[in-house]
Amino acid sequence: MKNIAISWIIIAVAVAPASAQEYFTKNGHIAFFSKTVFEDISAFHNQVISILNVQTGEIRFSLLNKAFHFPKAKMEEDFNDEYIESDRYPRSTFAGSVDHITEINFAKDGSWPVVVTGDLLIHGVIKRITIPGTLTVKSGQISVSSSFRILPEDYHIKIPSIVSYKVAKSIDVTVECLYQKK
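Bear in mind the structure is a predicted one, so any value in this text is a computation, not a measurement.

Quick notes on the rules
Residues numbered from 1 in each chain as written. Predicted model: local features only at pLDDT ≥ 70, side-chain atom pairs only at ≥ 80, totals over all residues. Heavy atoms only, no water. Core = buried A, V, L, I, M, F, W, Y, C linked by side-chain atoms within 4.5 Å. Buried < 20%, exposed > 50% of the residue type's maximum accessible area, 1.4 Å probe, protein only. Contact = heavy atoms within 4.5 Å. Pairing = 2+ DSSP bridges. Helix = DSSP H or I, 4+ residues; strand = E, 2+ residues; numbered from the N terminus. Salt bridge = Lys/Arg side-chain N within 4 Å of Asp/Glu carboxyl O.

(A) A look at the nonpolar core. Core analysis: the biggest nonpolar cluster contains 43 residues, and Leu 135 and Tyr 179 have the highest contact counts within it. For Leu 135, the contacting residues outside a window of four places in its chain are Leu 52, Ile 101, Ile 104, Phe 106, Gly 110, Ser 111, Trp 112, Val 114, Ile 142, Ser 143 and Val 144.

(B) Summary view of the pairing of strand β8 (residues 171–181). Pairing analysis gives seven bridges linking strand β1 (residues 22–35) to β8, with the strands arranged antiparallel. Looking across to β8, one finds that Phe 32 is bridged to Val 173.

(C) Structural view of the pattern of salt bridges. For the structure on display, the rule yields seven salt bridges. One salt bridge in this structure joins Lys 66 and Asp 87, with 2.6 Å as the shortest N-O distance. Linking Lys 66 in the loop between β3 (58–64) and α2 (73–83) with Asp 87 in the loop between α2 and β4 (91–98), this pair joins segments that are 21 residues apart in sequence. As a salt-bridge pair, Arg 128 and Asp 119 come within 3.3 Å of each other at their nearest N and O atoms. Look at Asp 119 and you get partly exposed, because its relative accessible area is 31%.

(D) Molecular detail of the environment of Lys 66. Taking the relative accessible area as the measure of exposure, Lys 66 reaches 47% and is therefore partly exposed. For Lys 66, the contacting residues outside a window of four places in its chain are Asn 80, Ser 86 and Asp 87.

Now the structure itself:
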């Protein structure tokens, strides 16, 4: 199932025909943050691939897990080797749609609150989620931003008990993408 989802994203990004309705980015930004009394853990990723179809509302994201950067090398090593298991699960993806996309006037500058529903694939586990966000049009450019939380246990990410006090039960995720016409 994971390989099918990954293949679908790669094919869609690589061979989709150019269309005035599709926008893309290869340098979207995703960050996450875990806060506990003992330690804050943060990471960012600025090579996120995303496609947005402004006619249908379809939106897709794909990223290499090993491209997350942490302030400490040991955090990055543990993330890739112990938690997300990047060699076994190299990509995380999201495939969904922006609800009520037809209510957004892409010919006019403005910001619209949006709700996105879709399938988030992390650590080989697909979970249906609904995420609030903001879609902004400014000078013909489209950007999206969102903040939401995920639970590592929902994606079968095991935190060893010896360090469980350092990792929050829920992880704050932020997404920011600036799209270009495809």
